Amino acid sequence: MNFGGVRLNSEFTLVKTVLLCILIASAVLVLRNLGHSGITYWDEGFHAIVARNLTKHPLKFTLYDQPWLPYDYKGWGENHIWLHKPPVAMWTIWLSHLIFGINTFALRLPSAISLVVTTWLTFRIAADLFDKRAGLIAAFLQAFNPFLFESVHGYRYSDHIDIALLLWVQVSCWFLLRAIRTGKRRNYILSGVAMGVAYLSKSYLALITFGIALVVWGVAWYTGRRNPRSKDRSPSIAPGGYTERDGKTPSPSDRTARKIKISDIGLQLLAAIATVAPWVIYCLIYYRKEFLWEHKRVLDHLNTDVESWGASWDRPLFDYMPLFYPVFYAALLAVVLCLIVVMFKRWQLAELFVLAWGIGVIVPHTLAETKTPSATMIAVPPLLMCLAAVISRAWQRRDWVYTSIWMAGMLAVTIISGGRTLVKSRDQFDELKKIAPFIQTNFWIVEQLIGFGVLLAIFAGVYMLVRHRNVQRWIWFGLRTVALIIALFYAGRYVYTAYSVTERNSKVPLYETSGPRLQREMPENACFFLDDERVGAHFDLMYYADRSTYQIYNKHMKEPRDFKSQAEIARKAGAIPYLFSVKETVYNYPLFIEGKVDIGNGEIQRYQVFEIMETQE
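Scoring rules and cut-offs
- Residues numbered from 1 in each chain as written.
- Predicted model: local features only at pLDDT ≥ 70, side-chain atom pairs only at ≥ 80, totals over all residues.
- Heavy atoms only, no water.
- 1 Å grid on protein atoms, 1.4 Å probe; cavity = no way out; pocket = protein on both sides within 12 Å on 5 of 7 lines; lining within 4 Å.
- Points joined across faces, edges and corners; volume = space filled by probe spheres on them.
- Helix = DSSP H or I, 4+ residues; strand = E, 2+ residues; numbered from the N terminus.
- Nonpolar A, V, L, I, M, F, W, Y, C, P; charged D, E, K, R; others polar.
- Expected span 1.5 Å × (residues − 1).
- Bend = angle between axes of the 7 residues up to and from the residue.
- Buried < 20%, exposed > 50% of the residue type's maximum accessible area, 1.4 Å probe, protein only.
- Contact = heavy atoms within 4.5 Å.
- Core = buried A, V, L, I, M, F, W, Y, C linked by side-chain atoms within 4.5 Å.

A few points about the layout of surface pockets
In this model, the second largest pocket occupies a volume close to 570 Å³. In terms of lining, the second largest pocket is formed by 20 residues, of which the most central are I137, I391, L484, A487 and L488. Those elements that provide at least two residues to the lining of the second largest pocket are α1 (2-31), α5 (132-143), α15 (380-396), α16 (400-415) and α19 (472-503). For the lining of the second largest pocket, the leading source of residues is α19, giving 6 residues. Residues that form the lining of the second largest pocket fall into these classes: 18 nonpolar, no polar and 2 charged.

Side note on unusual backbone geometry
Each neighbour pair has its own omega, and for W42 with D43 the value is -5°, a cis peptide bond. With respect to the secondary-structure elements, D43 resides in helix α2 (residues 41-54). At S308, a position not held by glycine, the phi torsion is positive, near 65°. Residue position: S308 is located in the loop between α11 (288-300) and α12 (315-320). Not every positive phi belongs to a glycine, and W347 is a case in point at roughly 50°. Topologically, W347 is positioned in the loop between α13 (329-346) and α14 (349-367).

Quick notes on helix α20 (residues 509-521)
For α20, which comprises 13 residues, the first-to-last C-alpha distance of 19 Å matches the rise-based estimate of 18 Å (1.5 Å per residue) to within 8%. A bend of about 25° at G515 is the largest found in α20, and the proline P516 appears one to four places after it. For α20, the complete set of buried residues consists of P509, L510, Y511, S514, G515 and L518. On the buried face of α20, the contacting elements are β3 (526-530), α21 (537-545), β5 (576-581), β6 (591-600) and β7 (603-611).

What about the nonpolar core?
Ranked by size, the top nonpolar core spans 188 residues in total, and within it Y325, F353, W357, Y511, F529 and F580 carry the most contacts. At 15 residues, helix α7 (residues 160-182) tops the list of elements feeding residues into this core. Beyond its immediate sequence surroundings of up to four residues, F529 is in contact with L69, Y550, I552, R561, F563, Q566, A567, P577, Y578, L579, F580 and I612. In terms of nonpolar packing, the next biggest core, distinct from the first, is built from 8 residues, L19, V116, F123 and A139 among them.

Structure representation (structure tokens):
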């Protein structure tokens, strides 16, 4: 017994050590160049400014803190009160700003911390549902996910808003799983509170946890009706967790039923509503029209093309999601399809939980009219768990089925070349009356899935031929070894892709340097008009200088802003209008400030600030 205890402790220590190494390596890598000064206009720039303004008034969310020009409360791009996103993520950045100051490192640090925490949560959930090996594999895949790295560093159409949603959805799912395992109502309440915080991070996508609970309850109720001899009519389901060995039926203790009641799910929902209610009531009292309008626009995503993000049903599956799972995307899809078959055969909690989570995110997004790249981010953990479970089961049971699935997936993505085909523009297919334009564009995914099916059939045939021979053990060991070698090769590329994200180190030193100077030397009621035509440049100046800035022209504007007449409007509103110039254009205005900034590579950027006088024509 002592020897067994030593062995158990040794295994536990090894798991903790590997997990700790994964977490530390991920944290060190994601922190690399985290504070690069290039603020991405979509969407990081908006959230950066709103969070910065919160340092002056934590309960008042503003974009243009001093709106010197007229604005439409329905236009979130130049609005004053800014409720386009819920408050939790911005509050987190605000707290980071209070601790570390106004800088881009503080802006992104909450996302970096959240990535490490979500990796730990992925391990905990996967280890509980399947086994610790699956937990470590899934944690590794999430810890170095290139799309998540890009979101943390602000390079995508997502940033801490989506990372915060991912974090709190995982927290909610973790407590839900604990609730299903133990039956304790405290865990249902905690799951509901976390779901409410997730809603306050990015609205209705947070309801996925409620959906998972309903699915588990529904399946438990269905399986309970199929067993009329049971005295306890409470819906139940086999607990999951992979306990089978060598294909044998689980022992009675392994199949102990877990109870889930509809009243427990109602308690979860009530806890979420109670968490969200104070913010909703506050907004309805103080900012009713802005809140109701933004709430309407959220619901419009279901049946309206919002901001030109409308697309055909296949865009999430065949354009957006390959970004999350580079190289092995088709193999991941094949694994998910196979686990769906397994789920219908066994109805265990492990497969049911992760598939309800993943499919529950993807299907509604596929059916909605408006589709955005980051909306399926909260499906990353369960889908990675699916792949991790198959790999773990292939080694744990030495089972030919899971070995074949793993090997077929690795060979298919290796033999059949593929890679995401870039779409020229998001409106490319708007006028093409085709059923699935993105399948056509990225048909390599279909080819790899077909290849997977052919290879799986071949491996099944091999099994039928050698199943009664001694050689079969060595055949499947050889296949597992080859699959492992291919997987390790792709794992290296996977980590290198994440490393490449941190290698970018985007810098815009002009505003990072000039902004603090302007904040010190310019009056608080200064209003800047900026002639830099780089899209989003005005947000860089707003963030670093803390002064309202209006861009004169960029490629998204139909025509240049008439800054002369608008300067007069701003003056009447109480502002002092200035022209911040980065061009060589000669302006007939008094020069107020000028300076030079080293922008790297031996280049010097000159800037000038002119005061737009009232007498100028």
